[in-house]
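# Chains, contacts and geometry: an overview
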Amino acid sequence: MKFLLAFDFDHTIIDENSDTWIVKCAPEKKLPNGLRNSYRPGHWTEYMGRVFVYLGDNGIKEDVMKRTMTTIPFTAGMVDLLGFIGKNKELFDCIIVSDSNTVFIDWILKAADFHKVFDEVFTNPAAFSSTGYLTVQDFHTHHCAKCPKNLCKREVLKEFLDKQLKQGVSYTQVVYIGDGGNDLCPVMFLKKGDIAMPRQGYTLEKKISQLAQNLSPVECSVLVWSSAIDIMSYLKLLIKE
């Protein structure tokens, strides 16, 4: 008996958006209007690339960024939940599928000593250049019309499950925990025995409700959470069964 827990990161594991939090490093903690208005829907990673260039041009170094990012609060109850999962790793495989980037997620998880809880992190690759600028690239290319051009979370989840199956690992249940509009695509991929856990009051919950109202509900079960303690309570029931 083994369960897969797939987590989003921003507004799910942490209670903020890591990409907008980094703006605290900018002069006067804000971006110029021209840069702020340069975002085009579906092209967030390219926009963040320009933000990182602006920070680099203003002499913002890696250590300042790291100090700022590691002050992001975890979502209510998340520290307890991740501690619980860490103690029960023989039952839970754990992955992150996020539109953030490898550098931010790595900093935040390592600072709180949670990096060992997660088996794999799927997110946009980032690194510091020789001149000290943070650079970010798209995670992959895909053909899903519903998702931003850099990341289809359904494709990531499907490829991970296929890879695991080839290695003889199948899951009793997949639990998908998220909050955003880009979490709907993987949720619609989940099967009848799986469970989607959308955060209360956020876009994913609203989109799942909308589908049910339109008489085309998702196939999996749905359990809404407001604190990660709600998720932990469910997992405790799961492993007792």
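Refer to the structure printed above.
Cut-offs used in this document
- Residues numbered from 1 in each chain as written.
- Predicted model: local features only at pLDDT ≥ 70, side-chain atom pairs only at ≥ 80, totals over all residues.
- Heavy atoms only, no water.
- Axes fitted to C-alpha atoms, helices over the stretch in contact; angles between N-to-C directions.
- Helix = DSSP H or I, 4+ residues; strand = E, 2+ residues; numbered from the N terminus.
- Parallel < 35°, antiparallel > 145°, perpendicular 65-115°, else oblique.
- Left-handed = near helix turned anticlockwise from the far one by under 90°.
- Contact = heavy atoms within 4.5 Å.
- Nonpolar A, V, L, I, M, F, W, Y, C, P; charged D, E, K, R; others polar.
- Buried < 20%, exposed > 50% of the residue type's maximum accessible area, 1.4 Å probe, protein only.
- Polar contact = N/O pair within 3.5 Å; in protein donor to acceptor, adjacent residues only side chain to side chain.
- Salt bridge = Lys/Arg side-chain N within 4 Å of Asp/Glu carboxyl O.

### Concerning the packing of helix α4 (residues 62-69) against helix α6 (residues 102-111)
With their axes 9 Å apart at the nearest point, α4 and α6 run at an angle of 60° to one another. Classed by the angle they form, the pair α4 and α6 counts as oblique. Considering how the two elements wind past one another, α4 and α6 form a crossing that is right-handed. Packed against α4, whose contacting residues are E62, M65, K66 and M69, the element α6 presents F104, W107 and I108 at the interface. Considered class by class, the residues forming the contact of α4 with α6 number 5 nonpolar, no polar and 2 charged.

### Digging into unusual backbone geometry
Its identity as a non-glycine residue notwithstanding, H11 has a phi of 60°, on the positive side. Looking at the secondary structure, you find H11 in the loop between β1 (3-7) and α1 (18-21). Exposure remark for H11: the relative accessible area of 23% places this residue in the partly exposed category.

### Side note on the side chain of H140
By the element assignment, H140 lies in the loop between β5 (134-136) and α7 (153-166). Its relative accessible area of 14% is what places H140 among the buried residues. Reaching out from H140, the side chain makes a polar contact with the backbone nitrogen of C152 at a distance of 3.0 Å. Setting aside chain neighbours within four positions, we find H140 in contact with K149, N150, L151, C152, E155 and V156.

### Here we look at the environment of D179
The topology assignment puts D179 in the loop between β6 (173-178) and α8 (184-189). It is 10.0 Å that separates the C-alpha atoms of D179 and V224, two residues lying 45 residues apart in sequence. In this structure D179 touches D8, D10, H11, T12, R199, Y202, T203 and L204, once residues within four positions along its chain are discounted. Reaching out from D179, the side chain makes a polar contact with the side chain of T12 at a distance of 3.0 Å.

### Some remarks on the pattern of salt bridges
Evaluation of the coordinates by the stated rule reveals 12 salt bridges. Note that D15 and R199 form a salt bridge whose closest N and O atoms lie 2.8 Å from each other. Taken together, the residues span a long stretch of sequence, with D15 in the loop between β1 and α1 and R199 in the loop between β7 (195-198) and α9 (203-213) at a distance of 184 residues. On the basis of relative accessibility, which here comes to 27%, the residue D15 falls in the partly exposed class. Among the ionic pairs, K149 bridges to E46, the shortest N-O distance being 3.3 Å. Here K149 is found in the loop between β5 and α7, whereas its partner E46 is found in helix α3 (residues 44-57), with 103 residues between them in sequence. Given a relative accessible area of 31%, E46 falls into the partly exposed group. Linked through salt bridges whose partners overlap, the residues forming this network are R40, E46, D138 and K149.

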